[in-house]
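# Report on the structure
Take a look at the letters that make up each chain.
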Amino acid sequence: MKKSNVIDLIFPQGVPCVPLAEKVTTFAPTNIALCKYWGKRNEDINLPMTPSLSVALPEKGATTHIHLEEGESHRVYVNAKEMPADSAFTRRLFAYLDLFLPPAQRTFVLHINILVNIPIAAGLASSAAGFASLILALNELFSWQLSLTSLSILARLGSGSAARSLWDGFVEWERGERADGMDSYGVPLAFTFPSLCVGVLPISDAVKPISSREAMACTVRTSQLYAGWEAQVDHDLPALKKAIVERDFVRLGEIAEHNALSMHATMLSSRPPICYALPQTTAAMHMVWQLRKESMPLYFTQDAGPNLKLLFLSEHMPKVIANFPEVEIVSVF
Ligand code: PMV
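Described in the following lines is the structure provided in the data block. In this text, all values refer to a predicted model and were calculated from it rather than measured experimentally. (Residues numbered from 1 in each chain as written. Predicted model: local features only at pLDDT ≥ 70, side-chain atom pairs only at ≥ 80, totals over all residues. Heavy atoms only, no water.)

## Remarks on the overall build of the protein chain
A tally of regular secondary structure across the protein chain gives nine helices and 13 strands. The C-alpha atoms of the protein chain give a radius of gyration of 20 Å, which matches the 20 Å a tight globule of 333 residues would have. Within the span of the protein chain, comprising 333 residues, buried residues form 55% of the whole. Contacts in the protein chain between residues far apart in sequence, at least 24 positions, make up 76% of those at least 6 positions apart. Summing over all exposed atoms, the protein chain offers an accessible surface of approximately 14100 Å²; the carbon and sulfur share of this is 55%. Here the protein chain carries 28 positive and 32 negative side-chain charges, and the mean point of each set is 4 Å from the other. (Helix = DSSP H or I, 4+ residues; strand = E, 2+ residues; numbered from the N terminus. Rg over C-alpha atoms; globule rule 2.2 N^0.38 Å. Buried < 20%, exposed > 50% of the residue type's maximum accessible area, 1.4 Å probe, protein only. Contact = heavy atoms within 4.5 Å. Areas by Shrake-Rupley, 256 points an atom, 1.4 Å probe, with all protein chains shown as cover. Lys, Arg positive; Asp, Glu negative; His and termini not counted. Charge placed at Lys NZ, Arg CZ, Asp CG, Glu CD.)

## Quick word on the nonpolar core
The tendency in soluble globular proteins is for nonpolar side chains to be buried side by side. Phe100, Leu138 and Leu154 are the most contacted members of the largest nonpolar core, which totals 48 residues. Going through the elements one at a time, α1 (3–10), β1 (23–35), β4 (52–69), β5 (75–78), α2 (88–100), β7 (109–116), α3 (126–141) and α4 (148–158) are the ones with two or more residues in this core. A total of ten residues in this core trace back to one element, the largest contributor, which is α3. Apart from residues no more than four positions distant in its own chain, Leu154 is found in contact with Ile7, Ile10, Phe11, Tyr96, Phe100, Ile135, Trp144 and Leu146. (Core = buried A, V, L, I, M, F, W, Y, C linked by side-chain atoms within 4.5 Å.)

## A closer look at α4
Burial runs high along α4: nine of the eleven residues are buried. Taken together, the buried positions of α4 are Ser150, Leu151, Ser152, Ile153, Leu154, Ala155, Arg156, Leu157 and Gly158. Check the buried side of α4 and you find it contacts α1, β3 (47–48), α2, α3, β8 (170–173) and β9 (186–188).

## Remarks on the packing of α2 against α4
α4 packs onto α2 with a crossing angle of 140° between their chain directions and a minimal axis gap of 10 Å. Along the contact surface, α2 presents Arg92, Tyr96 and Phe100, while α4 presents Leu154, Ala155, Leu157 and Gly158. By residue class, the composition of the contact of α2 with α4 is five nonpolar, one polar and one charged. (Axes fitted to C-alpha atoms, helices over the stretch in contact; angles between N-to-C directions. Nonpolar A, V, L, I, M, F, W, Y, C, P; charged D, E, K, R; others polar.)

## Describing the pattern of salt bridges
All chains considered together, the criterion is met by twelve salt bridges. A salt bridge links Arg175 to Glu177, with the nearest nitrogen and oxygen atoms 3.6 Å apart. Connected through salt bridges with shared partners, the residues Lys36, Asp303 and Lys309 form a single ionic network. (Salt bridge = Lys/Arg side-chain N within 4 Å of Asp/Glu carboxyl O.)

## Some remarks on the pairing of β1
When you tally the buried positions in β1, you get ten out of 13 residues, the bulk of the element. Where β1 meets β4, twelve bridges bridge the pair, whose relative direction is antiparallel. Paired with Ala28 across the two strands is Ala62, which belongs to β4. (Pairing = 2+ DSSP bridges.)

## Quick look at the site of the ligand
Neighbouring residues of the ligand: 14 residues in total, closest Tyr37, Ser161, Arg164, Ser212 and Asp303. In the environment of the ligand, an oxygen atom lies 3.1 Å from a nitrogen or oxygen atom belonging to the side chain of Asp303. If the ligand stood free it would expose 380 Å²; the protein chains cover 92% of that surface. Its residues assigned to classes, the shell around the ligand shows six nonpolar, five polar and three charged. (Near = heavy atom within 4 Å. Polar contact = N/O pair within 3.5 Å; in protein donor to acceptor, adjacent residues only side chain to side chain.)

Below, the structure is given as structure tokens:
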């Protein structure tokens, strides 16, 4: 099963690619997984081994502006800086665009400007927000009028976790069973958690040493703990949903932190080992654990990068700021 097969399933009559607007602007939030996605059962169409569940950061993410141009090749800018045509990022993006606009058929090219207000490739899901806002922009430009479910499937082809970036709030990405992935997409949960806050703790914005794609493949292939990770998700996902429904913050925090640490433990047991934490990451973890010992309900989660995201309730914001002055706080609802 290849990406082009999925495009044929979504657009059985072919991809409409007559632009109905001159320019479009769309936004998609980044999302932070509380129960992580780590491992693919199909690497080409980003089908996950397990389901996952995230919460969106409403003000943080990617805004994509697209306008049409004449020319030979699309042009892509990230935060107003033109991306070299031969960079890995541009090649990945162009290959994605070619799925919808095959070079032989197009009579125009796209000028794409993606503005991202979070560090890029540092484990803050910038690619999830980027691909989600890009597919929303294409949907508008060509007036595809696709459902958010179909857009989630298409966003997933760009970056797995982008499947969860089409909505605000809590979103579950269903694993699905089908080989074509038509049942693997984001589903928003109808529950909110008004006092939930996420604090982005910047530790380093250096680009990560190994991409999540390569790291996942290495973990699935070589870690003896991987089967345990799948079993852990089976347990964590329903427990997390229950904590959300019951607005039980301590359960939510415990599950999210333990889930993230289990994912990183599984990575550490890969060959070669994969470690996204820096010494400052571990130091910040110890601070969180110390504050918890002093009865503060504070938890963290970590993705494919050294930065931590702190989880806490709005009433504890002053104490979080006092202990982590560099934290950037986002109210989730
Ligand atoms: O979608 P990717 O390839 O950026 O992978 C995301 C992986 C994690 O952020 C570590 C976990 C997740 O569920 O978002």
